[in-house]
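Results of the structural survey
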Amino acid sequence: MKIRHAALQDAAAIAAIYNHAVLHTDTIWSEQAVDSDNRSTWITQRQSDGYPVLIYADEAGNVAGYASYGAWRAFDGFRYTVEHSVYVHPDHQGKGAGRALLTQIIAEARQAGMHMMVAGITATNQPSLHLHRSLGFTETAHMPQVGAKFGRWLDLTFMQLKLDESRAPGDEKNAKR
């Protein structure tokens, strides 16, 4: 298996993984499937904004999962905080793809000089919560019934990982910017 940066030709595979999560799980709180054009636009926008989109591919080049991060909130005061997403094809779940992608997206955020990484996780998604805890994320909020899907209320758990030891924003001595 290999992790690499996404290219536009990965859009269909990313859309298939995304759509499986939309249609069959409560990990994505949307009920609308997307097409490859939508994911091509998403890849292009993420990359033009300076954010990575990573692919986990097998030896034949088949996409087994993807990860990215982007701005957590649009205001300047949040510019050192990012929120990530990691999704793995159901055939590859539980085999290390998610851990590899999350580890690499954390490394990319550190390299970019980010200070905090946020994860918004469906509160019943125990595998994701466990993975994040194992990589140092801590739970910072539990928000009951803030979402709805499949005719039921969903709780949201926020987790955070501090990416550097900066004492203050822009602290060049400690930040990796």
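Please refer to the structure placed before this passage.
Computed from a predicted model, the values in this text were never measured in an experiment. Sequence order as written defines the numbering, with residues in each chain counted from 1. Reporting of local features is limited, given that this is a predicted model, to residues whose pLDDT is at least 70; pairs of side-chain atoms are given and counted only at 80 or more, and all residues count toward the totals for whole chains, interfaces and linings. Heavy atoms from the whole structure form the basis of all side-chain values; hydrogens and water molecules are not counted.

**Some words on the overall build of the chain**
Rules: In this description a helix means any DSSP run of H or I spanning at least four residues, a strand means any run of E spanning at least two, and both kinds are numbered starting from the N terminus. The atom set for the radius of gyration is the C-alpha atoms, and the globule formula is 2.2 Å times the number of residues raised to the power 0.38. The buried label applies to any residue whose accessible area, calculated with a 1.4 Å probe on protein chains only, is under 20% of its type's maximum; exposed applies above 50%, and partly exposed to all values in between. Only the protein chains shown count as cover for residues, and all accessible areas are computed by the Shrake-Rupley method using a 1.4 Å probe. Under the counting rule used here, the positive set is Lys and Arg, the negative set is Asp and Glu, and His together with the chain ends is not counted. The atoms used to mark charge sites are NZ of Lys, CZ of Arg, CG of Asp and CD of Glu.
Across its full length, the chain holds four helices and seven strands. Shown N-terminal to C-terminal, the secondary structure of the chain runs as helices and strands in the order β-α-α-β-β-β-α-β-α-β-β. Over its C-alpha trace the chain gives a radius of gyration of 16 Å, about what one expects of a compact globule, namely 16 Å for 177 residues. Viewed in the frame of its principal axes, the chain has a C-alpha envelope of about 45 × 40 × 30 Å. For the chain, buried positions account for 42% of its 177 residues. About 9,600 Å² of surface is accessible on the chain, with carbon and sulfur atoms providing 50% of the total. Each charge class in the chain was averaged separately, 17 positive and 18 negative side chains, and the resulting centres sit 6 Å apart.

**Digging into unusual backbone geometry**
Not every positive phi belongs to a glycine, and Q145 is a case in point at roughly 50°. Relative to the elements of secondary structure, Q145 occurs in strand 6 (residues 138–149).

**Brief notes about helix 4 (residues 126–134)**
Quick reminder of the rule: An arc is given here, and it is the one of the directions from the helix axis to the C-beta atoms. By definition in these notes, contact holds between two residues if any of their heavy atoms fall within 4.5 Å.
Every buried residue of helix 4 is listed here: S128, L129, L131 and H132. Projected down its long axis, helix 4 shows its buried positions confined to an angular sector of 160°, all on one face. Exposed residues lying more than 90 degrees from the buried face of helix 4 are P127 and H130. Residues of helix 4 that are buried sit in contact with strand 4 (81–88), helix 3 (97–111), strand 5 (116–122) and strand 7 (152–162). In the stretch just after helix 4, G136 is the one whose phi turns positive, near 100°.

**Here we look at a nonpolar patch on the surface**
Our working rule: Each patch is built from salt-bridge-free residues with over 30% relative accessible area, joining like charges within 9 Å and nonpolar side chains (Val, Leu, Ile, Met, Phe, Trp, Tyr) within 5 Å. Should a side-chain nitrogen of Lys or Arg be within 4 Å of a carboxyl oxygen of Asp or Glu, the pair is scored as a salt bridge.
Taken together, the side chains of W29, M143 and V146 present a nonpolar region at the surface, about 240 Å² in accessible area. With respect to the helices and strands, V146 occurs in strand 6.

**Side note on the environment of G151**
With respect to the helices, strands and loops of the structure, G151 is situated in the loop between strand 6 and strand 7. Through-space distance from the C-alpha of G151 to that of S48 is 37 Å; in sequence the pair is 103 residues apart.

**Considerations on the nonpolar core**
This is how the line gets drawn: Residues grouped as a nonpolar core are buried Ala, Val, Leu, Ile, Met, Phe, Trp, Tyr and Cys residues, joined through side-chain atoms within 4.5 Å.
Y69, I105, I106, A109, M117, F137 and L163 are the most contacted members of the largest nonpolar core, which has 23 residues in total. Formed by 18 residues, the second largest nonpolar core is a distinct cluster that contains A6, A15, I43 and I55.

**Quick notes on the pairing of strand 3 (residues 63–71)**
Here is the rule we go by: Should DSSP find at least two bridges between two strands, the strands are taken to pair.
For strand 3, the buried fraction is high: eight of the nine residues fall into the buried class. Bridge count for strand 2 (residues 53–57) against strand 3 is five bridges, and the pairing is antiparallel. The partner of Y56 across the bridge, within strand 3, is G65. Between strand 2 and strand 3, which pair antiparallel and follow one another directly, the connecting turn spans five residues, one of which, G61, has a positive phi of 90°. Note that strand 3 and strand 4 share seven bridges and pair antiparallel. In the strand pairing of strand 4, Y69 is matched with H84.

**Quick word on the side chain of T122**
Heads up, the condition is: Any N or O atom pair separated by 3.5 Å or less is treated as a polar contact, with the protein-specific requirement of one donor-capable and one acceptor-capable atom, and with residues adjacent in sequence counted only for side-chain atom pairs.
By the element assignment, T122 lies in strand 5. At 2.9 Å, the side chain of T122 forms a polar contact with the side chain of W29. Those residues in contact with T122 that sit more than four places away from it in its chain are D26, T27, W29, L154, D155 and L156.

Function cannot be inferred from these measures alone, as they are strictly geometric.
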